[in-house]
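One letter stands for each residue in the lines below.
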Amino acid sequence: MNRFESAKEIYKALGTDVEAALEKLKTVTVSVHCWQGDDVRGFDTREALSGGIQTTGNYPGRARTPEELMRDFDKAISLMPGKKKLNLHASYAIFEDGEAVGRDAIEPRHFAPWVKFAKERGMGLDFNPTFFSHPMVKDNLTLSSPDGEVRAYWVRHGKACVRIAQYFAEETGVPCVMNIWIPDGYKDIPADRLSPRERFKSALDGIIAEPHDKDKVYITLESKVFGIGLESYTVGSAEFCLSYSMTRGITPLMDNGHYHPTEAVSDKISALLAFNDKIALHITRPVRWDSDHVVLFDDETREIAKEIVCADALQRVFIATDYFDASINRISAWVTGVRSVQKALLYALLLPERLKALQACGDFTELMVLMEAVKTAPFGDVWSEYLRREGIAEDYISEVKKYEKEVLVNRQ
Ligand code: RNT
Ligand code: ZN
């Protein structure tokens, strides 16, 4: 018996149908963020990364142009199994030579090369307005700014992005998730916490009023607890964003780096599923702060996947990655993070159904024993088989190193 067949037997004894798990995994889409490839720089401005988020490291080979980013993304996805989408930010607009277009005036045509790229690969596209790294961010404020001109500029940006999201969905035939996250906040104790939130609320109302098909464009809103330089107050806090989403019928998005360190997004998933048809996630790895480290196959990533799978919500949760590490090979970072999410999903799909029943009948003793037994089941053999069926090699570091030598080191 080969290792996979033997693993199948072991899982069967635990009560798991391995083939069914593998089949189900094939139906899950992970939205892969484009911004790991260029340290969240984008192409539309020369501004430094702002908004209280940071990349650290100076590993050689950052993608500097759309062509380089596409090439790197291609390399990365060639090393990832499963269904993928490409997640773009508005700052990745591609302008003709000499064309100067404000973010408030971007159009679908500025993303036509990305649409072509996605279509050729049979992938859907997700989108994000970019409310950072831009001169119209004043005092770290965008949609909540007391300056009406600043607010209006960013509302126009948001609306332009809704139109682009609609275009993405129509062109690719895959619904587009358009996520709104603003960095707005204050470094020090604010005198007035309510006014910025009231302004953010009306500005959001303006953006979501832009006509779009609700079954093609899913507008999501991402909350946050603090940013670098914005430690004391964040306009788009968890309570604000959740209340806004619920009252406006848009989709809440949770980034697992955006909560206090002892809070766990894994525990929040079911709470939101009880009230929302769809929810969205940014999967990241916060180390002591919202550091956006590369996602690993760790406890919380597994627990997040477990919650989605146990709630039978794989088709209700938009799963996206969001991390950026500039201290190691960026292609490897991309692949390690996305593979970790996929591993976690497979791990969750291999959990015995019986666990839930044990909880329901109050057999907490056997529940604990079975949960522990699963941890040492031959997961790796099932993962290897999954990769084999997807036509993806287990090893990716040699490919990455080869690409680094042939392509990345020449980018000085
Ligand atoms: C920032 C948010 C946001 C960004 C990306 C680039 O803390 O997580 O999602 O990381 O939009
Ligand atoms: Zn995020």
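See the structure shown above.
Everything numeric here is computed off the predicted structure, so don't read it as measured data. Going along each chain's sequence as written, the residues are numbered from 1 onward. Numbering of ligands from 1 and lettering of chains from A proceed in the order in which they are written. Per-residue local features of the predicted model are confined to residues with pLDDT of at least 70, and side-chain atom pairs are confined, for both listing and counting, to 80 or more; whole-chain, interface and lining totals are unaffected and use all residues. Each side-chain value is derived from all of the structure's non-hydrogen atoms; neither hydrogens nor water enter the calculation.

Chemist: So what exactly am I meant to see when it comes to the overall build of the protein here?
Modeler: Secondary structure assignment for the protein yields 14 helices and 10 strands. Each principal axis of the C-alpha atoms in the protein carries an extent, and together these give about 65 × 55 × 40 Å. For the protein, the proportion of its 412 residues judged to be buried stands at 56%. In what follows, residue pairs with any heavy atoms lying within 4.5 Å of each other are defined as contacts. Contacts spanning at least 24 positions in sequence make up 79% of the contacts within the protein whose residues lie at least 6 apart. Here a helix means four or more residues in a row that DSSP labels H or I, a strand means two or more in a row labelled E, and each is numbered from the N terminus. Summary of the burial criterion: residues with accessible area below 20% of their type's maximum are buried, those above 50% are exposed, and those between are partly exposed, where the area comes from a 1.4 Å probe applied to protein chains only.

Chemist: What should I look at first to understand empty space enclosed by the protein in this one?
Modeler: Gaps left between atoms show up when a probe the size of a water molecule is rolled over them. Using a grid of 1 Å spacing that covers the protein atoms alone, one calls a set of points a cavity when a 1.4 Å probe fits there but cannot get out, and a pocket when the set is open and has protein on both sides within 12 Å along at least five of seven lines; lining residues are those with an atom within 4 Å of a point. Grid points are joined across faces, edges and corners, and a volume is the space filled by probe spheres set on the points. In this structure the tally under the stated criterion is 4 cavities of 30 Å³ or more. A volume near 170 Å³ is recorded for the largest cavity. Lining the largest cavity are 19 residues, and of these Ile53, His89, Trp181, Glu222 and Asp322 sit closest to its centre. Here the nonpolar group is Ala, Val, Leu, Ile, Met, Phe, Trp, Tyr, Cys and Pro; Asp, Glu, Lys and Arg are the charged ones; every other residue, Gly included, is treated as polar. Its residues assigned to classes, the lining of the largest cavity comprises 8 nonpolar, 5 polar and 6 charged.

Chemist: Explanation requested: the coordination of the zinc ion (ligand 2) in the structure shown.
Modeler: Four donors placed tetrahedrally around a metal ideally meet at 109.5 degrees, and six donors placed octahedrally ideally meet at 90 or 180 degrees. Distances define the donors: N, O and S atoms within 2.8 Å of the metal qualify, as do those within 3.2 Å of Na, K or Ca. Water is excluded, so some sites may look unfinished. Glu222 (OE), Asp255 (OD), His282 (ND1) and Asp322 (OD) make up the full set of protein donors to the zinc ion (ligand 2), lying at 2.1 to 2.2 Å. Note that the zinc ion (ligand 2) binds 6 donor atoms; their angles at the metal cover 71 to 172°, and the shape is octahedral. In these descriptions, tetrahedral denotes four donors with every angle between 85 and 135 degrees, square planar four donors and octahedral six donors with opposite donors over 155 degrees apart and the rest between 65 and 115, and irregular any other case.

Chemist: Hey, could you run me through the packing of helix 3 (residues 66-77) against helix 10 (residues 330-349) in this one?
Modeler: Relative orientation and spacing of two packed helices are given, respectively, by the angle between their axes and the distance between those axes. Fitted lines through C-alpha atoms serve as axes, helices being fitted only where they are in contact, and the angles separating the N-to-C directions of these axes extend from 0 to 180 degrees. Packing of helix 3 against helix 10 leaves a shortest axis separation of 9 Å and a crossing angle of 45°. One element, helix 3, and the other, helix 10, form an angle in the oblique class. When the axes of helix 3 and helix 10 are compared, the crossing they make is right-handed. Here Leu69, Asp72, Phe73, Lys75 and Ala76 of helix 3 lie close against helix 10, whose contacting residues are Ile331, Trp334 and Val335. A breakdown of the residues in the contact of helix 3 with helix 10 according to their chemical character gives 6 nonpolar, no polar and 2 charged. Oblique is the label for any angle not under 35 degrees, not over 145, and not in the 65 to 115 range, which are roughly parallel, roughly antiparallel and roughly perpendicular in turn. Whether a crossing is left-handed or right-handed is set by the direction in which the near helix is turned from the far one by less than a right angle, anticlockwise for left-handed and clockwise for right-handed.

Chemist: Whenever I open this one, the site of ligand 1 confuses me. Can you help?
Modeler: It suffices for a single heavy atom of a residue to lie within 4 Å of a molecule or strand for the residue to be listed as near it. Surveying the vicinity of ligand 1 reveals 14 residues, the closest of which are His89, Glu222, Lys224, His258 and Asp322. Here a polar contact is recorded for every N or O atom pair within 3.5 Å, except that within protein the pair must consist of a potential hydrogen donor and a potential acceptor, and residues adjacent in sequence are included only if both atoms are side-chain atoms. Between ligand 1 and the protein, one listed contact pairs an oxygen atom with a side-chain N or O atom of His89 at 2.7 Å. Between an oxygen atom of ligand 1 and a side-chain N or O atom of Asp255, the distance comes to 2.9 Å. Considering ligand 1 on its own, with 300 Å² of exposed area, one finds that the protein chains cover 99% of that surface. When each cavity is represented as a set of grid points, ligand 1 is found to reside in the largest cavity. Of the residues belonging to the shell around ligand 1, the class tally is 6 nonpolar, 3 polar and 5 charged. For the area figures, the Shrake-Rupley method with a 1.4 Å probe applies, and any residue is considered shielded solely by the protein chains shown. Cavities and pockets are treated as containing a molecule whenever more than half of the molecule's atoms lie within 2 Å of their grid points.

Chemist: How should the environment of Ser91 be read in this particular structure?
Modeler: Mapped onto the elements, Ser91 comes out in the loop between strand 2 (83-89) and helix 4 (112-120). For Ser91, a relative accessible area of 3% translates into the label buried. Here the alpha-carbon distance between Ser91 and His134, two residues 43 residues apart in the chain, equals 9.4 Å. Every residue in contact with Ser91, bar those within four places of it in the chain, is listed here: Gly42, Phe43, Asp44, Arg103 and Thr130.

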